[in-house]
2 protein chains.
Amino acid sequence: MDAIGILKQLKDKGVRFTPQRQAILEFLLETESHPTADEIYHHVKAKFPGVSLGTIYNTLNMLKEHGHLLELSYGDMSSRFDGNPKNHYHIVCSHCGRVVDYHRPLIDIDQEVMDNSGFKILGHRMEFYGICPECRKGERLN
Amino acid sequence: MDAIGILKQLKDKGVRFTPQRQAILEFLLETESHPTADEIYHHVKAKFPGVSLGTIYNTLNMLKEHGHLLELSYGDMSSRFDGNPKNHYHIVCSHCGRVVDYHRPLIDIDQEVMDNSGFKILGHRMEFYGICPECRKGERLN
DNA sequence: TTTAATTTTAAAATCATTGTAATTTACATT
DNA sequence: AATGTAAATTACAATGATTTTAAAATTAAA
């Protein structure tokens, strides 16, 4: 579904349709990256010069509560937001902090969790922790 | 391996052995919980009244860099630290923020990732996102 | 035991995120 | 189309987790 469709659907739940929200959601749906709140802010600012970071966070939290967005948090940086989880996971280097994609079909497990937990599962996130090839070489952390 | 063993091993890599570090690592290894930095701080303070939060973070980052610790970050709360990943994953409610354990044997996938990525994989984290039973009932977010 | 380097401490600084108060907007109801 | 009102936006202040700093203390190693 596109941004307009999602926002129209949310209207039935009392969420107002604003042009700022449309711009934010459209960007989230069209981008392949996992932008930070600040990156979204700068992008939306091109269309709406007066938009504030507060509005970005407000909209992201609203979308998250309604299950249209995954928030990916790392320890030492801003959260990143994923409007459409793709077929990949992430590997994080515990030494240098680098994050690389690991392409692989998503593990088919959400239904199992839904059946056993009573949650309505919207998606999952999987992250591998390790030491990247460069750090292994350069700093012999093995 | 126990705290002393790990710290002795780290000594070969130029990491100094201090009693504060020993106390922090011992607590991480013995606890079943996933404590925040502040919880670790208060616990270690019982033995070392003069210890500072700065030392806690310093030690946690050191352990993380050397792969002896997983940092679990959520969007809206402090990071939690896991000294020995147990047989469970987490489910996070996108609406109310609650985190519950989902007990299940860990997926056997680290070796595959290690072979394909060149990273030395130390562990993984899996988190399910959804709407918890209470939020589904009370607020009809389906 | 001496020395140099690292760690600790305590306090200040940083930065992502949230809260606030005033203004504006969306939208249901006239 | 005009109006009322609740919700959203804006600009800015506040919060709180984490990092940095500088000086003092402690550690490892010669």
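Computed from a prediction, not measured in an experiment: that's the story for all the values here.

Once that is clear, we can look at the nonpolar core. Within the largest apolar cluster, 28 residues are counted, with the highest numbers of intra-cluster contacts made by F128 of chain A together with F128 of chain B. Of all elements in the fold, only β3 (88-93) and β5 (120-131) of chain A together with β3 (88-93) and β5 (120-131) of chain B reach the threshold of two or more residues within this core. Those residues within four positions of F128 of chain A in sequence are excluded, and the remaining contacts are Y89, H90, I91, V92 and Y102 of chain A together with I109, D110, V113, I121, G123 and H124 of chain B.

What follows covers the protein's contact with DNA strand D. As a structural note, the neighbourhood of DNA strand D is formed by 17 residues, with R16, T18 and T55 of chain A together with R16 and Y57 of chain B the closest of them. For DNA strand D, the fraction of protein-proximal atoms (within 4 Å) that sit in sugar or phosphate groups is 85%. At a separation of 3.5 Å, a sugar or linking oxygen of DNA strand D approaches a polar backbone atom of F17 of chain B. At 3.1 Å from a phosphate oxygen of DNA strand D is found a side-chain nitrogen or oxygen belonging to N61 of chain B. Only α2 (19-30) and α4 (53-65) of chain A together with α4 (53-65) of chain B provide two or more residues apiece to the surface near DNA strand D.

Right, let's get into the relation of the copies chain B and chain A. Once chain B is rotated about the relating axis by 179° and shifted along it by 0.0 Å, it coincides with chain A to within an RMSD of 0.2 Å. What the rotation and shift describe, once combined, is the action of a two-fold rotation axis. Taking the C-alpha atom as reference, chain B places M126 of chain B closest to the rotation axis, 2.2 Å from it. Looking at chain B, 100% of its interface residues are interface residues in chain A too, so the copies touch through the same face.

For the rest of this paragraph, the subject is the protein's contact with DNA strand C. Residues in contact with DNA strand C amount to 17 residues; listed here are only the nearest, Y57 of chain A together with R16, T18, T55 and N58 of chain B. When atoms of DNA strand C within 4 Å of the protein are split into backbone and base, the sugar-phosphate part holds 83%. Here T18 of chain B contributes a side-chain N or O atom positioned 2.7 Å from a phosphate oxygen of DNA strand C. One nitrogen or oxygen atom from the main chain of V51 of chain B is found 3.4 Å from a phosphate oxygen belonging to DNA strand C. If you list the elements that add at least two residues to the surface near DNA strand C, you get α4 of chain A together with α2 (19-30) and α4 of chain B.

On to the packing of aromatic side chains. Residue and element names in this part refer to chain A. One pass over the full model with this rule turns up two aromatic pairs over all chains. Measuring from centroid to centroid gives 6.1 Å for Y102 and F128, while their planes differ by 75°, and the two rings are edge-to-face. Placement of Y102 in strand β4 (residues 99-103) and of F128 in strand β5 is noted, with a sequence separation of 26 residues between them.

What follows deals with the interface of chain B and chain A. Contacts between the two partners involve 44 residues from chain B, matched on the other side by 45 residues from chain A. Around 4,100 Å² of area is buried between chain B and chain A when both sides are counted, 62% of it from carbon and sulfur atoms. The interface formed by chain B and chain A includes two salt bridges. The salt bridge involving R104 of chain B is made with E112 of chain A; its shortest N-O contact spans 2.9 Å. Our count for the chain B to chain A interface comes out at 16 residue pairs in polar contact (both at pLDDT 80 or more).

Taking strand neighbours across the sheet as the criterion, the six strands line up as β4(A)-β3(A)-β5(A)-β5(B)-β3(B)-β4(B) in an open arrangement whose pairing is mixed. Whereas interior strands pair on both sides, the edge strands pair on one side only; in this sheet they are β4 of chain A together with β4 (99-103) of chain B. Ignoring which end each strand starts from, the neighbouring axes of this sheet average 30° apart. Sheet topology places β3 of chain B next to β4 of chain B; five bridges connect them, and they run antiparallel. In the sheet register, Y89 of chain B faces β4 of chain B, and the bridge partner there is Y102 of chain B.

Moving on, we get to the pairing of β3 of chain A. All names here are of chain A. Burial runs high along β3: six of the six residues are buried. Burial along β3 is two-sided: the face carrying H88, H90 and V92 and the face carrying Y89, I91 and C93 are both buried. Connecting β3 to the next strand, β4, in antiparallel fashion are five residues, including G97 with a positive phi near 85°. Relative to β5, β3 runs parallel, the two being bridged by four bridges.

The next point concerns the side chain of R21 of chain A. Residue and element names in this part refer to chain A. By secondary structure assignment, the location of R21 is in helix α2. Of the side chains bearing the opposite charge, E65 lies closest to the buried R21, which forms no salt bridge; the N-O distance is 9.2 Å. Ignoring any residue separated from it by four or fewer positions in sequence, one finds R21 in contact with L7, V15, R16, N58, T59 and M62.

This part takes up the confidence of the model for chain A. Summing up the model confidence of chain A, the mean pLDDT is 85 and the portion of residues at 70 or higher is 87%. Per-element confidence in chain A ranges from a low mean pLDDT of 69 for strand β2 (residues 80-82) of chain A to a high of 96 for helix α5 (residues 110-117) of chain A.

Basis of the calculations
- Residues numbered from 1 in each chain as written.
- Chains lettered and ligands numbered in written order.
- Predicted model: local features only at pLDDT ≥ 70, side-chain atom pairs only at ≥ 80, totals over all residues.
- Heavy atoms only, no water.
- Core = buried A, V, L, I, M, F, W, Y, C linked by side-chain atoms within 4.5 Å.
- Buried < 20%, exposed > 50% of the residue type's maximum accessible area, 1.4 Å probe, protein only.
- Helix = DSSP H or I, 4+ residues; strand = E, 2+ residues; numbered from the N terminus.
- Contact = heavy atoms within 4.5 Å.
- Near = heavy atom within 4 Å.
- Polar contact = N/O pair within 3.5 Å; in protein donor to acceptor, adjacent residues only side chain to side chain.
- Least-squares fit on C-alpha atoms with pLDDT ≥ 70 in both.
- Phe/Tyr/Trp six-rings, centres within 6.5 Å; stacked < 30°, edge-to-face > 60°.
- Buried area = accessible area lost by both parts, 1.4 Å probe.
- Salt bridge = Lys/Arg side-chain N within 4 Å of Asp/Glu carboxyl O.
- Pairing = 2+ DSSP bridges.
- Axes fitted to C-alpha atoms, helices over the stretch in contact; angles between N-to-C directions.
- Lys, Arg positive; Asp, Glu negative; His and termini not counted.
- pLDDT = per-residue confidence, 0-100.

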